Amino acid sequence: PYSVDLRTFFSPIQDQESQKACNAFSIVSVVEYFVHQIYHNNDNLSESFVYYNTRELANQENENVGTNVYNLISSLRDKGVCLEELCPFKPDVYDERPSEEAYADAESRKVTEAKNVALDLDVMRSALAQGYPLLISARSFDAYVQDANGVIEPPPAEELAEDKNKNHAMVI
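For clarity, every value in this text was computed on a predicted model and none was experimentally measured. (Residues numbered from 1 in each chain as written. Predicted model: local features only at pLDDT ≥ 70, side-chain atom pairs only at ≥ 80, totals over all residues. Heavy atoms only, no water.)

Undergrad: Is there a simple way to think about the packing of helix α1 (residues 22–39) against helix α3 (residues 69–78) in this case?
TA: Axis angle and axis distance: for two packed helices, these are the angle between their axes and the distance between the axes, and together they describe the pair. Packing of α1 against α3 brings their axes to within 11 Å, and their N-to-C directions diverge by 45 degrees. It follows that α1 is oblique to α3 by the angle criterion. The hand of the α1/α3 crossing is right-handed. Across the interface between the two elements, N23, A24, I27 and V31 of α1 pack against V69, L72, I73 and L76 of α3. Per-class residue counts for the contact of α1 with α3 are seven nonpolar, one polar and no charged. (Axes fitted to C-alpha atoms, helices over the stretch in contact; angles between N-to-C directions. Helix = DSSP H or I, 4+ residues; strand = E, 2+ residues; numbered from the N terminus. Parallel < 35°, antiparallel > 145°, perpendicular 65-115°, else oblique. Left-handed = near helix turned anticlockwise from the far one by under 90°. Contact = heavy atoms within 4.5 Å. Nonpolar A, V, L, I, M, F, W, Y, C, P; charged D, E, K, R; others polar.)

Right, here's the structure in full:
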């Protein structure tokens, strides 16, 4: 198809604020997408639960750090994701272990399958056309978040030379 619009089943975009939880926010939006599409319910799921458990796999649960996709998927496979009300997002709190009630609730929402999509435009288009959203991680630059009236300028050379591990997770 010429275009694909999967927004119907997505929850509104949320702000991770100062937490480095973009992977958790992105993957939870994808899980919510499938829950909305398949079960026709609008459960609000907990990014904090996923962020905590993903970092726990790397023994970093007390640090506000980015996470990798492998640990993210492993966390969702092993622990699942609970309702937001059982482990609510608190912008300044990232090291609070979820409650036993949250873990019990998450048992019913474990990810059983995740696909790795080739970095090939035709393959990505095909996945989107079949109704599969894509979680991507792309290098981000400070120049991208400056208020430029909708125009994104190329990053300056000194920013290009900085830390190459400064990525941001997003959903297409």
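Undergrad: Honestly, α1 in this entry has me stumped. Any pointers?
TA: Structurally, the α-helix is built with 3.6 residues per turn, so residues lying three or four positions apart point the same way. The end-to-end C-alpha separation of α1 is 25 Å, in line with the 26 Å expected for 18 residues at 1.5 Å each. Among the 18 residues that make up α1, 14 are buried, leaving the element largely enclosed by the rest of the structure. (Expected span 1.5 Å × (residues − 1). Buried < 20%, exposed > 50% of the residue type's maximum accessible area, 1.4 Å probe, protein only.)

Undergrad: Help me out: how do you make sense of the environment of A104 in this one?
TA: Note on placement: A104 falls in helix α4 (residues 100–106). Put simply, A104 and C82 are 22 residues apart on the chain and 8.1 Å apart in space, counted from C-alpha to C-alpha.

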